[in-house]
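One-letter residues, chain by chain:
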Amino acid sequence: MGEKQLMKGNEAIAEAAIRAGMTCYFGYPITPQNEIPAYMAKHLTIRGGTFIQAESEIAAINMVYGAACTGARAMTSSSSPGISLKQEGISYLVGARLPAVIVNIARGGPGLGNIAPSQADYFQAVKGGGHGDYHMVVYTPETVQEAADLTMKAFDVADEYRNPVLILGDAILGQMMEPLVFKEPSGKKFDKSSWTLGNRKGRKSHLINSLSLTEGVVEQWNWELKKKFDLMAERELMVEEYMVEDADVIFVAYGTTARICRSVVHQTRKQGMKTGLIRPITVWPFPTETIAGHAEKTKHFFVVEMSLGQMIEDVRLAILGNAKIHFHGRPGGGIPAEADILKQLKAILQS
Amino acid sequence: MKKVYERNNIAFDMPSPYCPGCGHGVIHRLVIDAIKEAGQEDNTIFMAPVGCSILAYTYLDLDICQPAHGRTPAAATGIKRALPDSLVVLYQGDGDLAAIGTAEIIHAANRGENITAIFVNNAIYGMTGGQMAPTTLKGQKATTCPFGRSPEDGQGYPIRVCELLQSLGGVTYAARTSVHTAPNVLKTKKAIQTGIENQMEKKGFSIIEILSACPVNWGLSPQKSNEFIANEMIGYFPLGDFKKDGKIIQRSDH
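Cut-offs applied
- Residues numbered from 1 in each chain as written.
- Chains lettered and ligands numbered in written order.
- Predicted model: local features only at pLDDT ≥ 70, side-chain atom pairs only at ≥ 80, totals over all residues.
- Pairing = 2+ DSSP bridges.
- Helix = DSSP H or I, 4+ residues; strand = E, 2+ residues; numbered from the N terminus.
- Axes fitted to C-alpha atoms, helices over the stretch in contact; angles between N-to-C directions.
- Contact = placed C-beta atoms within 7 Å.
- Nonpolar A, V, L, I, M, F, W, Y, C, P; charged D, E, K, R; others polar.
- Buried ≥ 20, exposed ≤ 12 C-beta atoms within 10 Å, placed from the backbone.
- Domains from an automatic or database assignment.

**Thoughts on the sheet that holds strand β12 (residues 275–280) of chain A**
All names here are of chain A.
Right, on to step 1. Read from one edge to the other, the open sheet built from 5 strands follows the order β10-β12-β11-β14-β15, with strand pairing classed as mixed. Strands with a single pairing partner mark the edges of an open sheet, and in this sheet they are β10 (239–242) and β15 (324–329). Adjacent strand axes in the sheet meet at a mean angle of 20 degrees, parallel and antiparallel pairs treated alike.
Right, on to step 2. Pairing analysis gives 4 bridges linking β10 to β12, with the strands arranged antiparallel. Bridge pairing links Val239 to Pro280 in β12.

**Comments concerning the interface of chain A and chain B**
Right, on to step 1. Across the boundary between the two partners, chain A contributes 33 residues, which contact 27 residues of chain B.
Right, on to step 2. Elements with a minimum of two residues in the side of chain A that touches chain B: β2 (22–27), β3 (50–53), α3 (57–69), α5 (87–95) and β9 (207–208) of chain A.
Right, on to step 3. In terms of residue count, α3 of chain A provides more of the side of chain A that touches chain B than any other element does, 9 residues in total.
Right, on to step 4. Here the side of chain A that touches chain B is composed, by residue class, of 18 nonpolar, 11 polar and 4 charged.

**Some thoughts on the pairing of strand β3 (residues 87–93) of chain B**
Residue and element names in this part refer to chain B.
Right, on to step 1. Burial analysis of β3 places 7 of its 7 residues in the buried class, which makes it a mostly covered element.
Right, on to step 2. Alternating residues of β3 divide into Leu87, Val89, Tyr91 and Gly93 and Val88, Leu90 and Gln92, and every residue in both groups is buried.
Right, on to step 3. Bridge count between strand β1 (residues 44–47) and β3: 4 bridges; the pairing is parallel. Opposite Met47, over in β3, you have Leu90 as the bridge partner.
Right, on to step 4. As judged from the 5 bridges shared by β3 and strand β4 (residues 116–121), these two strands associate in the parallel manner.

**A word on the domain arrangement of chain A**
Residue and element names in this part refer to chain A.
Right, on to step 1. Segmenting chain A into domains produces domain 1 (5–235) and domain 2 (240–350).
Right, on to step 2. Relative to domain 2, the C-alpha centre of domain 1 lies at a distance of 28 Å.
Right, on to step 3. Among the secondary structure elements, those contributing two or more residues to the side of domain 1 that touches domain 2 are α6 (122–126), β6 (138–139), β7 (164–170), α8 (171–175) and α9 (217–235).
Right, on to step 4. Of the residues belonging to the side of domain 1 that touches domain 2, the class tally is 17 nonpolar, 8 polar and 3 charged.

**Quick look at the sheet that holds β3 of chain A**
Residue and element names in this part refer to chain A.
Right, on to step 1. With respect to topology, 7 strands assemble into an open sheet ordered β3-β2-β4-β5-β7-β6-β13, the strand pairing being mixed. The open sheet is flanked by β3 and β13 (282–284), the only strands paired with a single partner.
Right, on to step 2. One ladder, built from 4 bridges, connects β2 with β3; its direction is parallel. Among the inter-strand pairings, Tyr25 is bridged to a residue of β3, identified as Phe51.

So, in structure tokens, the structure goes:
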């Protein structure tokens, strides 16, 4: 085990990526994720990697596309408006079956919005964002430690499925400092020699591509992608269930709002209220079965988001009318206050 | 009998996927001949664009990357930085390079990415059926300028890419050639060779702009199309070197 360090979330993600063997980083400045490119400019280059400040987010994701073609572990990061610009590239990465890691340190929107924390990119992250039928694993770390751990894991998952992976944080996760210990990267090796470009040495030529004008070919590719998405859904789900067994009310929240809800659970448990928390660590795949399993005996689910309510749709689909759903949300950079959640919780319990 | 010309086996043994009179077939041949003569066929990564010449990937036995429309220089940057010793050849049309991908080509050129860009300028969008390109000449008709391109009516001026890029510090070589006559085909070959040599000598960014015919979308016969290049295009897009070994060539025509 390494020693304990105090780092910002953004820096921890950057350092974890380098430790995971990421050698090519491409980014464009946008707040609140600027510590990531700055860290890469300083630390990745002296450790032998490539850092480019691209001319745009679009160029950055396409540089990732190029580097990924060679088998290099590649990454880009941005914040909400910049992630919107990358959607074309993400769709192409999936279509061309290329691994990559994308980090969204989300901020308030729509439009230019502000630089405050937000979870309003949920739909974009889990429902597609770019064009075409696709999914990618989306991690939503709650702490700086978890941000580092999941960043390392993201590279393995991307390589395993030849698919981009998204880390969805927010301005609080990116900016706050917390102690962490970097774990050893898995050291898993992935043989990419059957598809990468370059160093051909007499083998058959390789093509990285997402186009075919021959009837039926793209449909077939989609069926193959579906097999992969189904495997990802089956194997890559991560969810934390916290004090849910006897709960009268279960919070459902991820990332920053899960921290807030956890604190509310602590307070209310002391006062004798039976509350718990289901925290999706992946929001795709979504813990549908976990939530559905509790909807048999828990009557109230309380979704808290920094948005007008996006994940609530997936919770509703999991519960299928078997329990009541309540919601507390703050859009546009607003952060839910414990006192407001508590007030609403008491009203639910008295109803 | 001495064999003086034969098939280049980088091209698969199949008919050219392009229309009769189209310049892409000739230019593909020049590019793969230059790659083969440099002994780089196992070391080349060919970047196909979005446009007619996306079909290069069906035709060429090379490692090929097909990125999003116009993003070829960005993807090429990622490849070249990850594999600095590979030969990265970009093949882009006028819509890809001079419209949707303008930012990417300017910045890849300005960073001096050590890559070779083949820019095929046929003054029209071919694959989508003959729309106005950034290089469509003044007065030239296209489906989206049916009365002829009119800069006065807000349709802009044809962009001269070599002239635009030559001022950038990262550009070592910029030349414009044409494939409308045999002597010009030979000059084009020489320019492509120079671009490839520059990359192998790690000199930075090279661009070879090639004037090329699109008879189908111009609505002309292949012969008349070559006359169009001679009589209309070259007057606006003058041929020759614009930058060599990092030095801007002083010219009387601009």
